[in-house]
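# A look at the structure
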Amino acid sequence: MEGLAVDITRRQGEFELEARFATHRRVVALFGPSGAGKSTVVHAVAGLVRPDTGSIRIGGSVLFDAAAGIDVPAHRRRIGYVFQDARLFPHLSVRSNLFYGHRLTPAAERTADPDAIIAMLGIGGLMDRRPDTLSGGERQRVAIGRALLASPRILLMDEPLASLDAARKAEILPWLERLRDESAVPILYVSHSLEEVNRLAEEVVAMDAGRVTGITATPL
């Protein structure tokens with residue numbers, strides 16, 4: 001499993017982020033209250049925000065190093081991102097949404113097995129439907145599949161269940177557990193839900209007020 005090492009600072013107005021952690025676990029949760037800095041860390045890993053100092057590494061690759069002047073563009077980082085809202089293309093079918101990133105990934109870099117991912121997420125029967133006909137849980141499963149089919153080195157999931165009601169959360173959590181157990185892609189999972197963290201994460205990076213306050217392995 002490729003390791004993720006984050007050692008960054010970033011100031012946003014009065015808020016100052018100082019995040020340092022390294023992990024080789026399959027699912028690592030960034031856990032803490034709203035405003036703790038969790039999403040800022042994920043955005044920095046994705047290349048959507050630029051830290052002021054520090055570095056970000058995946059495996060042997062440097063994605064960002066302020067001192068060395070390295071800042072790999074987001075589209076070249078090979079990172080999958082699943083947001084709170086699925087952000088599917090409404091005018092495209094599920095099939096076209098799923099294969100959007102796959103088609104943009106150079107053939108030599110494609111490591112994803114489409115049939116295995118579609119079966120793992122249980123979305124084979126949805127292929128000809130449009131996003132507006134899907135439930136919230138179905139849309140998130142399609143969004144996860146789209147991210148995985150782009151053959152990412154890591155999957156970032158930023159509060160993926162936050163917009164779902166209790167019934168839809170209960171529907172999708174078993175699929176996320178299956179993703180954790182069957183996929184070789186490591187996951188950085190952002191949440192303020194203790195239930196989600198306890199069920200999914202192998203390691204928890206606790207954050208508060210822009211700082212890492214503790215790192216704990218979880219007994220899955």
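Residues numbered from 1 in each chain as written. Predicted model: local features only at pLDDT ≥ 70, side-chain atom pairs only at ≥ 80, totals over all residues. Heavy atoms only, no water.

Turning to the overall build of the protein, a few remarks are in order. The number of helices and strands found in the protein is seven helices and eleven strands. For the protein, the C-alpha radius of gyration of 17 Å lies close to 17 Å, the compact-globule estimate for 220 residues. Counting only C-alpha atoms and orienting by the principal axes, one finds that the protein spans roughly 45 × 40 × 35 Å. In the protein, which comprises 220 residues, the share counted as buried stands at 50%. The long-range fraction of contacts in the protein, counting pairs at least 24 apart against all pairs at least 6 apart in sequence, stands at 68%. By element, 50% of the accessible surface of the protein is carried by carbon and sulfur atoms, the whole surface being about 10000 Å². (Helix = DSSP H or I, 4+ residues; strand = E, 2+ residues; numbered from the N terminus. Rg over C-alpha atoms; globule rule 2.2 N^0.38 Å. Buried < 20%, exposed > 50% of the residue type's maximum accessible area, 1.4 Å probe, protein only. Contact = heavy atoms within 4.5 Å. Areas by Shrake-Rupley, 256 points an atom, 1.4 Å probe, with all protein chains shown as cover.)

Before going further, it helps to spend a moment on the pairing of strand β7 (residues 79-82). Judged by which residues are buried, β7 turns out to be covered on both faces: Ile79 and Tyr81 on one side and Gly80 and Val82 on the other are all buried. With four bridges connecting them, β7 and strand β8 (residues 154-158) associate as parallel partners. By the bridge assignment, Gly80 is partnered in β8 with Leu155. (Pairing = 2+ DSSP bridges.)

Two elements in contact, helix α5 (residues 136-149) and helix α6 (residues 166-182), have axes whose closest approach is 8 Å; the angle formed by their N-to-C orientations is 25 degrees. Here α5 is positioned roughly parallel relative to α6, judged by the angle of their axes. For the pair α5 and α6, the crossing hand works out as right-handed. Together, Gly136, Gly137, Glu138, Gln140, Arg141, Ile144 and Leu148 of α5 and Arg168, Glu171, Ile172, Trp175, Leu176 and Leu179 of α6 make up the contact between the two elements. (Axes fitted to C-alpha atoms, helices over the stretch in contact; angles between N-to-C directions. Parallel < 35°, antiparallel > 145°, perpendicular 65-115°, else oblique. Left-handed = near helix turned anticlockwise from the far one by under 90°.)

Now for the packing of aromatic side chains. Per the counting criterion, the structure on display carries two aromatic pairs. Aromatic pair Tyr81 and Phe83: ring centres 4.1 Å apart, planes at 5 degrees, arrangement stacked. The exposure class assigned to Phe83 is partly exposed, which follows from its relative accessible area of 21%. Between Phe89 and Tyr100 the ring centres are 4.7 Å apart and the planes differ by 55 degrees, which places this aromatic pair in the tilted class. Placement of the pair is Phe89 in the loop between β7 and α2 (94-98) and Tyr100 in helix α3 (residues 100-104), with a sequence separation of eleven residues. Assessed through its relative accessible area of 36%, Tyr100 is described here as partly exposed. Arg87 extends its terminal NZ or CZ atom over the ring of Phe83, reaching a point 3.9 Å from the ring centre. The ring of Phe89 carries Arg146 above its face, with NZ or CZ at 5.2 Å from the centroid. (Phe/Tyr/Trp six-rings, centres within 6.5 Å; stacked < 30°, edge-to-face > 60°. Lys NZ or Arg CZ within 6 Å of the ring centre and 35° of its normal.)

This part is about the environment of Ala150. Along the chain, Ala150 turns up in the loop between α5 and β8. Exposure remark for Ala150: the relative accessible area of 23% places this residue in the partly exposed category. Ala150 sits 31 residues away from Ala119 along the chain, and the two C-alpha atoms are 16 Å apart. Residues within four places of Ala150 in sequence aside, it is in contact with Gly101, His102 and Thr105.

Look at helix α4 (residues 114-121) against α6: their axes get within 9 Å of each other, and the N-to-C directions meet at 145 degrees. Of the residues in α6, those touching α4 at Ala119, Met120 and Leu121 are Trp175, Arg178, Leu179 and Glu182. Partitioned by chemical class, the residues of the contact of α4 with α6 number five nonpolar, no polar and two charged. (Nonpolar A, V, L, I, M, F, W, Y, C, P; charged D, E, K, R; others polar.)

Once that is clear, we can look at α5. With 14 residues, α5 extends 20 Å between its outermost C-alpha atoms, agreeing within 8% with the 20 Å of an ideal straight helix rising 1.5 Å per residue. Extensive coverage of α5 is indicated by the burial of 13 of its 14 residues. Positive backbone phi, approximately 55 degrees, marks Ser151, located one or two places after α5. (Expected span 1.5 Å × (residues − 1).)

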